[in-house]
Amino acid sequence: MSTFKAPKGTYDLIPPDSATYLAVREAIAAPLRNSGYGYIETPGFENVELFARGVGESTDIVTKEMYAFETKGGDRLALRPEGTASVLRAALEANLHKAGNLPVKLWYSGSYYRYERPQKGRYRHFSQVGAEAIGAEDPALDAELIILADQAYRSLGLRNFRILLNSLGDKECRPVYRAALQDFLRGLDLDEDTLRRSEINPLRVLDDKRDAVQKQLVGAPLLRDYLCDGCKTYHEEVRELITAAGVSFEDDPKLVRGLDYYTRTTFEFVHDGLGSQSAVGGGGRYDGLSEMIGGPALPSVGWALGVDRTVLALEAEGVELALPASTSVFAVPLGEEARRVLFAKVTELRKVGIAADFSFGGKGLKGAMKNANRSGARYTLVAGERDLAEGVVQLKDMESGEQVAIGVNEVVAELESRLG
Ligand code: HAM
């Protein structure tokens, strides 16, 4: 151990567990790649104002959780707490929306940072794979994204997750609802903090986790009953399209998200085996965000799935991903000449695309075979002086234990045919 440890709220991804993380990222990205989403990568930090304006001045993310700092040059930056504002900023900056092909569909994968109280499933450095469809108002687009996330989770073998769906209305109907909710909240016996919140962001109060507050909220007006006709029709169509795709969901009229940019469709993927940090993913429509950050009107929708929590969900369900062994062939040289010959073979195998590894460090046969076993390789190549004198190497099938001598020049072809 060194003097240093990973900072509080962070952890290192190390083999073999890191392979599961990569596989989860891949599995979430695969349906997106297959549906017209192009890969985008943006910086790990942005101008702090982007998040203040985009995510919302009064959100926990902006007021409490942002890693904001001033650079030596005097710029006010923040480590990105989420991806949507950055992706939209980048799309606008590159004028992707003017290329005439709306919606602009993008996917991303990366690290995000929130100064939260760490606990299982909640970290200060975490990982998301996300998707954003920018510049189209079409219920089929909202449905597409929900269906693709469902497909990603199912392809991983997850079963015990639920999709919670709500509509947060638009700039026409939400203010009316907001005022009605505020009226209701003013009549309750709430602590000072909550009262203040109900003045700034009353919808967030619905999300209060405390039982005492939830009890008082029984009978609170629901946005569902205030939706304007446009929002109602839109939401109904999203519901119908998802249902037709065979994806089940639950209507959750109290679902409020922790970011202020949402309008209309909002959803969360929750997993029942994760305790309090049950949201494995979330997203929704953000029709006003572009204008909030100085762009043109570009109605958009997207989601982000948490990689860390998805891995925890797999563990909770006892799902073991079928990960292919990373090494197919492991070479064990006995003596100097064998080192040269087998090292050359390993290089050749790698060139033809066979995953191969080598016993480094001049180990004896016993130690080297231990490494071969641990590598998970299906085949081992062993060669000593006597083998090379006969122009052969020993090819051992680690599954059956069967061993045959193969001509040095036939090794690559033989392994290619055996490994298909
Ligand atoms: P979010 O709900 O804040 O949405 O985050 C999405 C997912 O990231 C969560 O469901 C969770 O799995 C994971 N996550 C968030 N915070 C943490 C944490 N501290 N530790 C571990 N995992 C975490 C967004 O970020 C939006 N940008 C989603 C979106 C995209 N909306 C529209 N487009």
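Residues numbered from 1 in each chain as written. Predicted model: local features only at pLDDT ≥ 70, side-chain atom pairs only at ≥ 80, totals over all residues. Heavy atoms only, no water.

Scanning the chain from N- to C-terminus turns up 16 helices and 16 strands. What you see for the chain is a C-alpha radius of gyration of 27 Å, clearly larger than the 22 Å of a compact globule of 420 residues, by over 25%. Along the first, second and third principal axes, the C-alpha atoms of the chain reach 90 × 50 × 45 Å. For the chain, the residues scored as buried account for 50% of the 420 residues in total. Look at the contacts in the chain between residues 6 or more apart in sequence, and 69% of them connect residues 24 or more apart. Summing over all exposed atoms, the chain offers an accessible surface of approximately 20,700 Å²; the carbon and sulfur share of this is 50%. Seen as two clouds, the 51 positive and the 61 negative side-chain charges of the chain have centres 5 Å apart. (Helix = DSSP H or I, 4+ residues; strand = E, 2+ residues; numbered from the N terminus. Rg over C-alpha atoms; globule rule 2.2 N^0.38 Å. Buried < 20%, exposed > 50% of the residue type's maximum accessible area, 1.4 Å probe, protein only. Contact = heavy atoms within 4.5 Å. Areas by Shrake-Rupley, 256 points an atom, 1.4 Å probe, with all protein chains shown as cover. Lys, Arg positive; Asp, Glu negative; His and termini not counted. Charge placed at Lys NZ, Arg CZ, Asp CG, Glu CD.)

Turning to the packing of aromatic side chains, a few remarks are in order. Aromatic ring pairs: the centre-centre distance and the angle between the two ring planes describe each pair. In the structure shown here, the tally under the stated rule is 15 aromatic pairs. Measuring from ring centre to ring centre gives 5.5 Å for Tyr-153 and Phe-269, while their planes differ by 65°; the resulting arrangement is edge-to-face. Of the two residues, Tyr-153 sits in helix H5 (residues 139-155) while Phe-269 sits in strand E9 (residues 263-271), which places them 116 residues apart along the sequence. Grouping residues by exposure puts Tyr-153 and Phe-269 together as buried. (Phe/Tyr/Trp six-rings, centres within 6.5 Å; stacked < 30°, edge-to-face > 60°.)

Here we take up the sheet that holds strand E5 (residues 104-113). Ordered by their spatial adjacency, eight strands build an open sheet running E1-E5-E6-E11-E10-E9-E7-E8, and the pairing between neighbours is mixed. The sheet terminates laterally at strand E1 (38-39) and strand E8 (250-251), the two strands that pair on one side only. Examined bridge by bridge, strand E10 (residues 279-285) and strand E11 (residues 300-306) share five bridges and lie antiparallel to one another. Bridge assignment links Arg-285 to a residue of E11, and that residue is Val-301. Docked against the sheet, helix H1 (residues 17-33) engages E5, strand E6 (125-134) and E11, running at close to 5° with respect to E6. Sheet strands in contact with H5 are E5, E6, strand E7 (161-167), E9, E10 and E11, and its direction is about 15° off that of E11. (Pairing = 2+ DSSP bridges. Axes fitted to C-alpha atoms, helices over the stretch in contact; angles between N-to-C directions.)

Before going further, it helps to spend a moment on the environment of Glu-320. Relative to the helices and strands, Glu-320 is located in the loop between helix H12 (307-317) and strand E12 (329-333). For the pair Glu-320 and Leu-156, spaced 164 residues apart in the sequence, the C-alpha separation amounts to 9.2 Å.

For the rest of this paragraph, the subject is the pairing of E12. Of all five residues that make up E12, five are buried, and the element is covered over most of its length. Neither face of E12 is left uncovered, since the one carrying Val-329, Ala-331 and Pro-333 and the one carrying Phe-330 and Val-332 both have all their residues buried. Since E12 and strand E13 (residues 356-358) lie parallel, the crossover through helix H13 (residues 336-351) that links them has a hand, and here it is right-handed. (Right-handed = clockwise from strand over helix to strand, strands pointing away.)

Under the definition given, this model contains 31 salt bridges. Two residues, Glu-49 and Arg-53, come together in a salt bridge whose shortest N-O distance is 3.7 Å. Of the two residues, Glu-49 and Arg-53 both sit in helix H2 (residues 48-55), four residues apart, roughly one turn of that helix. The partly exposed category is assigned to Glu-49, whose relative accessible area is 38%. (Salt bridge = Lys/Arg side-chain N within 4 Å of Asp/Glu carboxyl O.)

The next thing to look at is the domain arrangement of the chain. Taken as a whole, the chain is organised into domain 1 (17-173 + 227-317) and domain 2 (329-419). Once you take the C-alpha centre of each, domain 1 and domain 2 turn out to be 47 Å apart. (Domains from an automatic or database assignment.)

Once that is clear, we can look at H5. Along its 17 residues, H5 runs 24 Å from first to last C-alpha, staying within 8% of the 24 Å computed at 1.5 Å per residue. Residues of H5 that are buried: Pro-139, Leu-141, Asp-142, Ala-143, Leu-145, Ile-146, Leu-148, Ala-149, Asp-150, Ala-152 and Tyr-153. Capping of H5 at its N-terminal end is provided by Asp-138; its side-chain oxygen lies 2.8 Å from the backbone amide nitrogen of Ala-140. Remark: Gly-157 follows H5 within two positions and exhibits a positive phi of approximately 95°. (Expected span 1.5 Å × (residues − 1). Polar contact = N/O pair within 3.5 Å; in protein donor to acceptor, adjacent residues only side chain to side chain.)

In the vicinity of the ligand there are 27 residues, among which Glu-82, Glu-116, Tyr-123, Glu-132 and Tyr-262 approach most closely. Within the contact set of the ligand, an oxygen atom lies 2.9 Å away from a side-chain nitrogen or oxygen of Arg-114. Isolated, the ligand exposes 660 Å² of accessible area, and the fraction of that covered by the protein chains is 97%. Secondary-structure elements contributing two or more residues to the shell around the ligand are E6, E10 and E11. (Near = heavy atom within 4 Å.)

One open sheet holds the three strands; their spatial order is E2-E4-E3, and the pairing between them is antiparallel. Two strands bound the open sheet, and with one partner strand each, they are strand E2 (45-47) and strand E3 (68-70). Taking the axes of each pair of neighbouring strands and ignoring which way they run, one obtains an average angle of 35° across the sheet. Across three bridges, the pairing between E3 and strand E4 (residues 76-79) is antiparallel. Each bridged residue has a counterpart across the sheet, and for Ala-68 the counterpart in E4 is Ala-78.

Moving on, we come to unusual backbone geometry. The omega torsion across Pro-15 and Pro-16 is 5°, close enough to zero to call that bond cis. Among the structural elements, Pro-16 can be located in the segment before H1. Note that the residue after Leu-102, namely Pro-103, is joined by a cis bond; omega there is 0°. For Asn-95, which is not glycine, the phi torsion reads 55° and is therefore positive. Residue placement: Asn-95 occurs in the loop between helix H4 (84-93) and E5. The phi dihedral of Arg-264 falls on the positive side, at around 50°, and the residue is not glycine. Assessed through its relative accessible area of 10%, Arg-264 is described here as buried.

The subject of this paragraph is the side chain of Glu-268. Mapped onto the fold, Glu-268 is located in strand E9. Classification of Glu-268 as buried rests on a relative accessible area of 15%. With residues up to four places along the chain from it excluded, the contact list for Glu-268 reads Arg-162, Ile-163, Leu-164, Leu-255, Arg-257, Ala-279, Gly-281 and Gly-282.

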